[in-house]
Number of protein chains: 2
Amino acid sequence: MARAVPETHDEILTAATRRFAATGYRGTSLQDIAREVGCSKAAVLYHFANKEAILTELMAPAIAVLQSLDERIALATDPADAQRVAAEGFVNLAVRFRREIAVLRGDFPELLAQPAFAHIQRISERLVDALAGHPERPSARIAALVLLAGISEACGEFLDLGEEVLRPALLALVTRGLEPVDRPAPPHSSTPVPPIHTED
Amino acid sequence: MARAVPETHDEILTAATRRFAATGYRGTSLQDIAREVGCSKAAVLYHFANKEAILTELMAPAIAVLQSLDERIALATDPADAQRVAAEGFVNLAVRFRREIAVLRGDFPELLAQPAFAHIQRISERLVDALAGHPERPSARIAALVLLAGISEACGEFLDLGEEVLRPALLALVTRGLEPVDRPAPPHSSTPVPPIHTED
DNA sequence: TCAGTAGCTGACCGATCGGTCAGACTCTGG
DNA sequence: CCAGAGTCTGACCGATCGGTCAGCTACTGA
């Protein structure tokens, strides 16, 4: 049953994304993915070296955006700016990669322990610090972690909502929820909260 | 190696709570629990009918409190009161049962699908409605779901924090994050909350 | 003293997991 | 026409899973 157009590779990826998001990485067997694609388990393992390779490939785009966000946060001029960049950037990332983030739901700690995702943990920590604004203040860290985890966890529930609804709602929630950072030395600032633009 | 005092039952429960919270329900085998207790896998299955029975027993206290919270929400006089009861009640529950909630992290959807936890799903939906205040408004539902999921997800990270730090921080975050509900007929009160314009 | 029972063990079971392998099929270039 | 590459399959592997079972040990009450 060899296909003329070898699109099986991408079909496996989309099927795996659906199944991982629905029942988790560990809760999805290669047999499940093969059944959804309509091929044999061996065919899945022909296109991918192993189960983990499927995960890393389908997460790659989201991880790339996360890394670029990390770099942009590092380039922020002050903590207040870093907080703004982190908040807007993460909301955009969460909205755009809803399905991929939903994949991580559940097996997050174990998956992060894998060497392929080792650096993600460090990025996440820096993201929490930037969102908190005052990383040394427990209440600020708590707010940042709850919002980060909540958005990651919940945006898988909003797969049917349009981005134009989800994005502003999440951004408003984050803006309300995070503790504000005193800007260092406002030179001529009259607008404490600049308008929100979405850029990747 | 029969013990004089049969405390194995409770040891299994505490070991299972630790392991479930660390690696998830599915990610923990009966062998893992037995190893941590220091007995055989068969001994674990002597004290509990099956793996699910361990989970239901260790979750029972938290579920009982959740159910009583559900009843108290149902008794609220108006949506604003229901929102306040739900917010305070859930924060208290989350702080108190941090470890038990961390157990659910990950396998939540699959575990809820089990008949023993069927009613929890309905309670969770009512909890989200109460927290949202305006369940018909997408932004309100989003805020409620993100905060609910975020607190559930994140409070497992705060096992070392004291309740006196965690509880007020979470309560403040929820109060800031949730969209306020217009009280039905304010006798003499003016709106104490700052205006937040999030209309869809 | 001794039968009964609670507590526990090692051996074992069928099912399922991720992964391997030899071979078969189709298509294409020489 | 045919060799070879790309694609896919069924059969199979060892490991691990949740769960069962017969039997051993130590204690207890009659």
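Let me sum up the structure you'll find in this document.

Procedures and definitions
Residues numbered from 1 in each chain as written. Chains lettered and ligands numbered in written order. Predicted model: local features only at pLDDT ≥ 70, side-chain atom pairs only at ≥ 80, totals over all residues. Heavy atoms only, no water. Salt bridge = Lys/Arg side-chain N within 4 Å of Asp/Glu carboxyl O. Helix = DSSP H or I, 4+ residues; strand = E, 2+ residues; numbered from the N terminus. Buried < 20%, exposed > 50% of the residue type's maximum accessible area, 1.4 Å probe, protein only. Expected span 1.5 Å × (residues − 1). Bend = angle between axes of the 7 residues up to and from the residue. 1 Å grid on protein atoms, 1.4 Å probe; cavity = no way out; pocket = protein on both sides within 12 Å on 5 of 7 lines; lining within 4 Å. Points joined across faces, edges and corners; volume = space filled by probe spheres on them. Least-squares fit on C-alpha atoms with pLDDT ≥ 70 in both. Contact = heavy atoms within 4.5 Å. Phe/Tyr/Trp six-rings, centres within 6.5 Å; stacked < 30°, edge-to-face > 60°. Lys NZ or Arg CZ within 6 Å of the ring centre and 35° of its normal. Buried area = accessible area lost by both parts, 1.4 Å probe. Polar contact = N/O pair within 3.5 Å; in protein donor to acceptor, adjacent residues only side chain to side chain. Near = heavy atom within 4 Å.

**Things to note about the pattern of salt bridges**
Residue and element names in this part refer to chain A. Enumeration over the complete set of coordinates arrives at 18 salt bridges over all chains. Measuring nitrogen to oxygen at the nearest pair gives 2.8 Å for the salt bridge that ties arginine 84 to aspartate 81. With arginine 84 and aspartate 81 both in helix H5 (residues 79-96) and three residues apart, this pair spans about one turn of that helix. Note on arginine 84: relative accessible area 31%, which makes it partly exposed. A single salt-bridge network, built from bridges that share partners, covers Arg18, Arg19 and Glu36.

**Observations concerning helix H4 (residues 51-74) of chain A**
All names here are of chain A. In a regular helix each residue adds 1.5 Å, so 24 residues correspond to 34 Å; H4 covers 34 Å between its end C-alpha atoms and thus fits that length. The largest bend along H4 measures about 50° and falls at alanine 60, with the proline proline 61 one to four residues further on. Listed as buried for H4 are Ile54, Leu55, Leu58, Met59, Ala62, Ile63, Val65, Leu66, Leu69, Asp70 and Ile73.

**Observations concerning empty space enclosed by the protein**
Using the criterion set out here, one finds two cavities of 30 Å³ or more in the structure. Counted as a void, the largest cavity has a volume near 40 Å³. In terms of lining, the largest cavity is formed by Ala86, Ala87, Phe90, Leu131, Leu147, Leu148, Ile151, Val174 and Leu178 of chain B. Sorting the residues of the lining of the largest cavity by element identifies helix H5 (79-96) and helix H9 (138-154) of chain B as the ones contributing at least two each. Taken as a whole, the second largest cavity holds about 30 Å³ of empty space. Looking at the second largest cavity, the residues that line it are Ala86, Ala87, Phe90, Val91, Leu131, Leu147, Leu148, Ile151 and Val174 of chain A. When contributions to the lining of the second largest cavity are tallied by element, the ones reaching two or more residues are H5 and helix H9 (138-154) of chain A. Counting residues per element, the lining of the second largest cavity draws most heavily on H5 of chain A, which supplies four residues.

**A short note on the relation of the copies chain A and chain B**
Structural alignment of chain A on chain B gives an RMSD of 0.1 Å, achieved by rotating through 180° and translating 0.0 Å along the axis. Overall, the copies show the geometry of a two-fold rotation axis. Comparing interface residues between copies, 97% of those in chain A also sit at the interface in chain B, which points to an isologous, same-surface contact.

**Concerning the packing of aromatic side chains**
Counted under the stated rule, the structure contains two aromatic pairs over all chains. The aromatic ring of tyrosine 25 of chain A is capped on one face by lysine 51 of chain A, whose charged end is 4.5 Å from the ring centroid.

**A look at the environment of valine 65 of chain B**
Residues and elements named next belong to chain B. Topologically, valine 65 is positioned in helix H4 (residues 51-74). Spatially, the C-alpha atoms of valine 65 and asparagine 92 are 9.9 Å apart, while their sequence positions differ by 27 residues. Setting aside its immediate chain neighbours within four residues, valine 65 contacts Leu93, Arg96 and Phe97.

**Concerning the side chain of glutamate 153 of chain A**
Structurally, glutamate 153 of chain A can be placed in helix H9. If sequence neighbours within four positions are ignored, glutamate 153 of chain A has contacts with Arg105 of chain A together with Ala149 and Glu153 of chain B.

**Some words on the interface of chain A and chain B**
Contacts between the two partners involve 34 residues from chain A, matched on the other side by 35 residues from chain B. Roughly 2,600 Å² of surface becomes buried between chain A and chain B when both sides are summed, with 73% attributable to carbon and sulfur atoms. It is Ile142, Val146 and Arg176 of chain A in chain A that bury the most area against chain B; as a group they hold 26% of the surface buried on that side. Taken together, the links from chain A to chain B amount to zero salt bridges. Viewed at the interface, chain B and chain A are joined by five residue pairs in polar contact (both at pLDDT 80 or more).

**Thoughts on the protein's contact with DNA strand C**
In the vicinity of DNA strand C lie 18 residues, with Lys41 and Lys51 of chain A together with Thr8, Ser40 and His47 of chain B positioned nearest. The contact in question runs from a phosphate oxygen of DNA strand C to an N or O atom on the backbone of leucine 30 of chain A, over 3.0 Å. The separation between a base oxygen of DNA strand C and a polar side-chain atom of lysine 41 of chain A is 2.6 Å. Where the surface near DNA strand C is concerned, the elements lending two or more residues are helix H3 (41-47) of chain A together with helix H3 (41-47) of chain B. Looking at the surface near DNA strand C, the element that brings in the most residues is H3 of chain B, giving four residues.

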